[in-house]
Amino acid sequence: MAIVSTAAAYLPLVLATSALAVGASWWALVFPRIAIWFLAVSVIVGQLVRVPVLGQGGGVLLSDIAAVVVIGAGLLKWKQRTAPLPSAVVLSISLVAPFIIWSLGSLLINVDSLPPSGSSVALLYWLRTSTYILLIPVLGFLASDTRYRRELHRGLVVVVAVLIGLGFLQLVLASDLSFLSQYGWDPHQRRLVSSWLDPNFMGAFFLIVLPWLAVQAKNNWKYAALAAVTLIALLATQSRSSLVALAAVAGVAFPFIVWALPQKFPAVWQRISVIAVVINLVIMMFVGGVFLLGGRAGGFVRHDPTVVLRTESFSLAWQRVVQPNTLLGVGYNAYQFAAAETGLIGDFSLHSRAGADNSWVTLWATTGVLGMLLFALPWAVAAMYLGLRAVRRADWIAGAGPLAILGLFVHSQFVNSFLYAHLLIALAVVVVLSFPSYVTADYS
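The model shown is predicted, which means the values in this text are computed figures rather than measured ones.

Engineer: Just give me the short version of the confidence of the model for the chain, but keep the residues and values in it.
Structural biologist: Of all residues in the chain, 70% attain a pLDDT of 70 or more, and the chain-wide mean is 80. Within the model, pLDDT remains below 50 along residues 1-7, and this stretch shows 12 contacts once partners closer than five positions in the same chain are excluded.

Engineer: Please set out the packing of helix 4 (residues 32-45) against helix 5 (residues 62-79) residue by residue, giving values where relevant.
Structural biologist: Here helix 4 crosses helix 5 at 165°, and the two axes come no closer than 9 Å. Judged by the inter-axis angle, helix 4 sits roughly antiparallel to helix 5. Once helix 4 is placed against helix 5, the crossing between them reads as left-handed. Along the contact surface, helix 4 presents Pro 32, Ala 35, Phe 38, Leu 39, Ser 42 and Val 45, while helix 5 presents Leu 62, Ser 63, Ile 65, Ala 66, Ala 67, Val 69, Val 70, Ala 73 and Lys 77. A class-by-class count of the residues in the contact of helix 4 with helix 5 yields 12 nonpolar, 2 polar and 1 charged.

Engineer: Any details on the packing of aromatic side chains? Residues and values, ideally.
Structural biologist: A complete count under the given rule lists 13 aromatic pairs for this structure. Centre to centre, the rings of Trp 360 and Phe 409 are 5.5 Å apart; their planes meet at 55°, and the pair counts as tilted. Residue Trp 360 is found in helix 15 (residues 359-393), and its partner Phe 409 is found in helix 16 (residues 396-411); the two are separated by 49 residues along the sequence. Members of the aromatic cluster, joined through ring pairs, are Phe 99, Tyr 332, Trp 360, Phe 375, Trp 379, Phe 409 and Phe 418.

Engineer: Lay out helix 16 in plain terms, naming residues and giving numbers.
Structural biologist: Here helix 16 spans 23 Å end to end across 16 residues, near enough to the 22 Å set by a 1.5 Å rise per residue. Extensive coverage of helix 16 is indicated by the burial of 13 of its 16 residues.

Engineer: Just give me the short version of unusual backbone geometry, but keep the residues and values in it.
Structural biologist: Of note, Arg 190 is a non-glycine position whose phi angle comes to about 55°, a positive value. Its relative accessible area of 57% is what places Arg 190 among the exposed residues. Positive phi, normally seen in glycine, also occurs at Leu 197, with a value near 65°. Examined against the element boundaries, Leu 197 turns out to sit in the loop between helix 8 (146-173) and helix 9 (199-216).

Engineer: Requested: an account of helix 17 (residues 421-434), with residues and values cited.
Structural biologist: Under the 1.5 Å per step criterion, the end-to-end length of helix 17 is 20 Å for 14 residues, consistent within 8% with the ideal 20 Å. Summarising burial for helix 17: 14 of the 14 residues are buried, a large majority.

Quick notes on the rules
Residues numbered from 1 in each chain as written. Predicted model: local features only at pLDDT ≥ 70, side-chain atom pairs only at ≥ 80, totals over all residues. Heavy atoms only, no water. pLDDT = per-residue confidence, 0-100. Contact = heavy atoms within 4.5 Å. Axes fitted to C-alpha atoms, helices over the stretch in contact; angles between N-to-C directions. Helix = DSSP H or I, 4+ residues; strand = E, 2+ residues; numbered from the N terminus. Parallel < 35°, antiparallel > 145°, perpendicular 65-115°, else oblique. Left-handed = near helix turned anticlockwise from the far one by under 90°. Nonpolar A, V, L, I, M, F, W, Y, C, P; charged D, E, K, R; others polar. Phe/Tyr/Trp six-rings, centres within 6.5 Å; stacked < 30°, edge-to-face > 60°. Expected span 1.5 Å × (residues − 1). Buried < 20%, exposed > 50% of the residue type's maximum accessible area, 1.4 Å probe, protein only.

Following this line, the structure appears as structure tokens:
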């Protein structure tokens, strides 16, 4: 088969890289704390370190290796325990497995229609996505031990703080990134990108962690300060998709805040004060966003070139790729090859070549309508469970998970962000940390 023949040519490189990764990651496999911090560091490194694969604009990221190490550490930890898996972990495994199986099937069905190297590229990216999706049950299992849950918490705080610091440093030292266009990146100017080199994805990350930081802030002013700086960093990305998603999150969160205030703040004056603070924050966010966006703010009320291009891209992708392959798709991550056949793209070195400007259109095109629904299933179940708990018990921590999922869902309507590696890591961590304490158990 094409996959086997093409992969054989890269076998020495794969084996050498694997040997290096296993050797360097041995301690992380044995000690889950190190694996968790390895994952955190890989998110901080972002797109600065990667190994190109088969002429693609992407490549092997440090986070790819770290995710495998975390899964390995989780499996080793599970083998050492005689207690049964927590029910939430078992449920999450049963929810993520169908998409992993179906997406592989969609690729194998279409493998003969792909170019020789295309099948190998698609398979490698299927492995990547499957790995990140499996982080949900694995991190859930590790978080059932309070020691590792604490490390996930600390790691997320450090990642947020460092990425913000690197972002503002980048704005001062390298605000003009037009030189990156020769490497396939968009030439962003005066926009915060940090180590991810993309302001839209960076804005989505801040969007995901902001609800979690906000609910932590009610007991610790340090989290309140970090949440405020995170909001400023999000605005500094000048990402309109992130601002639209943030508005959606704020719109959903505000009624919940008002409803939950009597339980948290019995005095009427306390509730009025909280509502006033929230309204002022929304106004400041709106004014600050318009100020930082400058001329880009006009894109909200009129069609600028970027909006026009994305609209045309969406329409063409729907007509040429999605509609002819509605049921089974063209094969997981084979979008770029199907798009090339229809004339949508012509350069595989571009970083935007692997999907449409919408994660759900990309999933529909590559895995069919059922694949798209199976991918959404675990996130939808987690959002409903945590959302109901947040409403019924006024559990602010549980409310962070659904808001993060909602934010990325809205964001992914404009950018292919729900399939972005580092965002999947961040979302998995926030969702796991949003689960209530009764799910956890000490496995020491």
